[in-house]
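Each chain, written out:
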Amino acid sequence: CLAALIQKNIYNAKIILDIDDIDYGYTKSLANITKFIQSIFINKFDLITVHNKELLRKIQQDFNIDGKKLYLREQGVDLNIFKPKGSAKIKNNALQ
């Protein structure tokens, strides 16, 4: 986080913050520490990526972030695009 902010100030670089859901859901004490640290720096980032819609909503609400700065980058593999030869067919998001 600090290294990215230094790069932004020295080189006028665009910087991205990737917020992982693990920071917010598994241990309350870790989530509170992470939220505090991020609250100091989060508005300095040009783009913020999150991995699911619930986290996107929570980040937008907790930090009052403009939706234009948030990008949903869902994790996982689209099995309709990436599938090994001979694999089962996908129908309605379920293996057949």
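Quick caveat, the model's predicted, so the values are computed rather than measured.

Each value, and the rule that gives it
- Residues numbered from 1 in each chain as written.
- Predicted model: local features only at pLDDT ≥ 70, side-chain atom pairs only at ≥ 80, totals over all residues.
- Heavy atoms only, no water.
- Pairing = 2+ DSSP bridges.
- Helix = DSSP H or I, 4+ residues; strand = E, 2+ residues; numbered from the N terminus.
- Axes fitted to C-alpha atoms, helices over the stretch in contact; angles between N-to-C directions.
- Contact = heavy atoms within 4.5 Å.
- Buried < 20%, exposed > 50% of the residue type's maximum accessible area, 1.4 Å probe, protein only.
- Lys, Arg positive; Asp, Glu negative; His and termini not counted.
- Salt bridge = Lys/Arg side-chain N within 4 Å of Asp/Glu carboxyl O.
- Polar contact = N/O pair within 3.5 Å; in protein donor to acceptor, adjacent residues only side chain to side chain.

A. Representation of the sheet that holds strand β3 (residues 70-72). Taken in spatial order, the three strands line up as β1-β2-β3 in an open sheet, and their pairing is parallel. Both edges of this open sheet fall to β1 (16-18) and β3, since each of them pairs with a single strand only. Sheet twist, expressed as the average angle between the axes of neighbouring strands with direction ignored, equals 25°. Bridging between β1 and strand β2 (residues 47-50) involves three bridges; their strand directions are parallel. Residue pairing across strands places I16 opposite L47, the latter belonging to β2. Contacting β2 and β3, helix α4 (residues 53-63) crosses the sheet at an angle of about 170° to β3.

B. Region of interest: the side chain of K69. Tracing the chain through its elements places K69 in the loop between α4 and β3. For the buried K69, no salt bridge exists, and the shortest N-O distance to an oppositely charged side chain is 6.3 Å, to D46. Here N43 takes part through its backbone oxygen, which lies 3.3 Å from a polar atom of the side chain of K69. A polar atom in the side chain of K69 sits 2.6 Å from the backbone oxygen of F45. When sequence neighbours within four positions are dropped, the list of residues in contact with K69 reads I42, N43, F45, D46, L47 and I48.

C. A look at the pattern of salt bridges. Under the defined criterion, the tally for this structure stands at five salt bridges. One salt bridge connects K8 with D46, and the closest N-O pair in it is separated by 3.0 Å. With a gap of 38 residues between them, K8 in helix α1 (residues 2-11) and D46 in the loop between α3 (28-41) and β2 connect regions that are remote in the sequence. In this structure, E54 engages R57 in a salt bridge whose closest nitrogen and oxygen atoms are separated by 2.4 Å.

D. Representation of the environment of A13. Positionally, A13 belongs in the loop between α1 and β1. Exposure remark for A13: the relative accessible area of 26% places this residue in the partly exposed category. Taking C-alpha positions, A13 is 9.3 Å from D46, a pair spaced 33 residues apart along the chain. Residues within four places of A13 in sequence aside, it is in contact with Q7, K8 and D46.

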